[in-house]
Amino acid sequence: MSTLELKDIVVDYERRGGGRVRAVAGASLSVDAGTIVGLVGESGCGKSTLARAAVGLVPLAGGSVQFEGHQVNPLTRRARPAELVKLQLVFQNPYSSLNPRRKIGSQIADGLASPSAARVAEVCELVGLPASAQGRYPHEFSGGQRQRIAIARALAADPSVIVLDEPLASLDASAQAQLANLLVELTRELGLGLLLISHDLAIVRHVADSVSVMYLGVMVETGPTLPVWSLPLHPYSEALIGAVPHPDGTGFLPESLPGEVPDPARPPSGCRFHPRCPYAFDRCSAEEPELVEIADGRSAACWLQPAGSVPALPGERAANRAVPAGVTYRQEPPTDSLEEM
Ligand code: SF4
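Residues numbered from 1 in each chain as written. Predicted model: local features only at pLDDT ≥ 70, side-chain atom pairs only at ≥ 80, totals over all residues.

## Regarding the pairing of strand S9 (residues 210–215)
On a regular strand, each side chain points to the face opposite its neighbour's, so the side chains alternate between the two faces of the sheet. Within S9, 6 of the 6 residues are buried, which leaves the element mostly enclosed by the surrounding structure. Residues Ser-210, Ser-212 and Met-214 point to one face of S9 and Val-211, Val-213 and Tyr-215 to the other, with burial holding for every one of them. When strand S3 (residues 36–40) meets S9, the two strands line up parallel, connected through 4 bridges. When the sheet's bridge partners are listed, Gly-38 is paired in S9 with Val-211. Across 6 bridges, S9 lies against strand S10 (residues 218–224) in antiparallel orientation. Bridge pairing in S10 links Ser-210 to Pro-224. (Buried ≥ 20, exposed ≤ 12 C-beta atoms within 10 Å, placed from the backbone. Helix = DSSP H or I, 4+ residues; strand = E, 2+ residues; numbered from the N terminus. Pairing = 2+ DSSP bridges.)

Here it is, written out as structure tokens:
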């Protein structure tokens, strides 16, 4: 079993003004020691809700979270169970999670089982902060340094897994690059497992060992990062990775892909991506494809990529529409990229 295992997670929330929204509709993923799992998807796809579910910050309407063999239940006012202390979360905005009136050293020491100045200095060193940082207040640091402090606080608990929700989003490019490298070093040196939620595809490609792609509350593709990048199996992954070209061939997650993002309160029938998918055919709006294993630890949820099939090149996807027999096409295969939809 993986260190952190999320199985068939369902999360609902009440919408202001009434009505329920299913933010996560049966998503699974796992994080092993010494690996970084990137979770990507457009804004509103449910990835941050899934991150919160992973550490017990939101109640589940279905599914389960296991951490080192223990069930992760929604947090209550009672102290966090000792067996879950090694599961930590780092938020996007470190300033909001640090107490502005307390020195950094005492905030890091909060997480230590046996607090000592020497151990606080050690943790500071791990994240590249000088030992003298202990005696200073949060406002005396830059955004990148504050995020290092937030990571140091998480490391003080001697974690096995850290869930990082957009940890680099508020930083400038050079601080992002430094912190991304730090995350890789920590993972390798300490054997940590990291779940990295990010809208920045370039960073995920750079640091993650594997990637999970989420769309409207469900996982549409999972697999080792480089194969997913070089040959995405799901049309949504293909669109994300190809949507915004980048000089080094990576890309940043666009604000939105062509077409409207559906309302999660009323997801489309069948495949949730079908109203925006250039390859959609009749079956897509009628039946929802499951995430199935294709090859080499790679999975996708698309009727064009049946279980065990050979990964299709984008140009070959249209040919796979012949599966199953007898369907009629909704439209002709596109000849150009998704940007022209
Ligand atoms: Fe597109 Fe159909 Fe595959 Fe969904 S199942 S991604 S609509 S081809």
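## Quick look at helix H4 (residues 117–126)
For H4, every residue scored as buried is listed here: Val-120, Val-123 and Cys-124. In a view along the axis of H4, the buried residues occupy a sector of 105°, so they form one face of it. Lining the buried residues of H4 we find helix H3 (104–109) and helix H5 (143–156). (Arc of directions from axis to C-beta. Contact = placed C-beta atoms within 7 Å.)

## Focus on the site of the ligand
In the vicinity of the ligand there are 13 residues, among which Cys-271, His-274, Cys-277, Cys-284 and Cys-302 approach most closely. Taken together, the residues of the shell around the ligand sort by class into 11 nonpolar, 2 polar and no charged. (Near = placed C-beta within 6 Å. Nonpolar A, V, L, I, M, F, W, Y, C, P; charged D, E, K, R; others polar.)

## A look at the nonpolar core
Ranked by internal contacts, the top residues of the largest apolar core, which has 90 residues, are Ala-54, Ala-152, Leu-195 and Leu-196. If you tally residues by element for this core, the top one is H5, at 7 residues. Both of domain 1 (4–213) and domain 2 (238–340) provide at least three residues apiece to this core. Filtering out sequence-adjacent residues up to four positions away, Leu-196 remains in contact with Ile-36, Val-37, Gly-38, Leu-39, Leu-164, Val-204, Val-207 and Ala-208. (Core = buried A, V, L, I, M, F, W, Y, C linked by C-beta atoms within 7 Å. Domains from an automatic or database assignment.)

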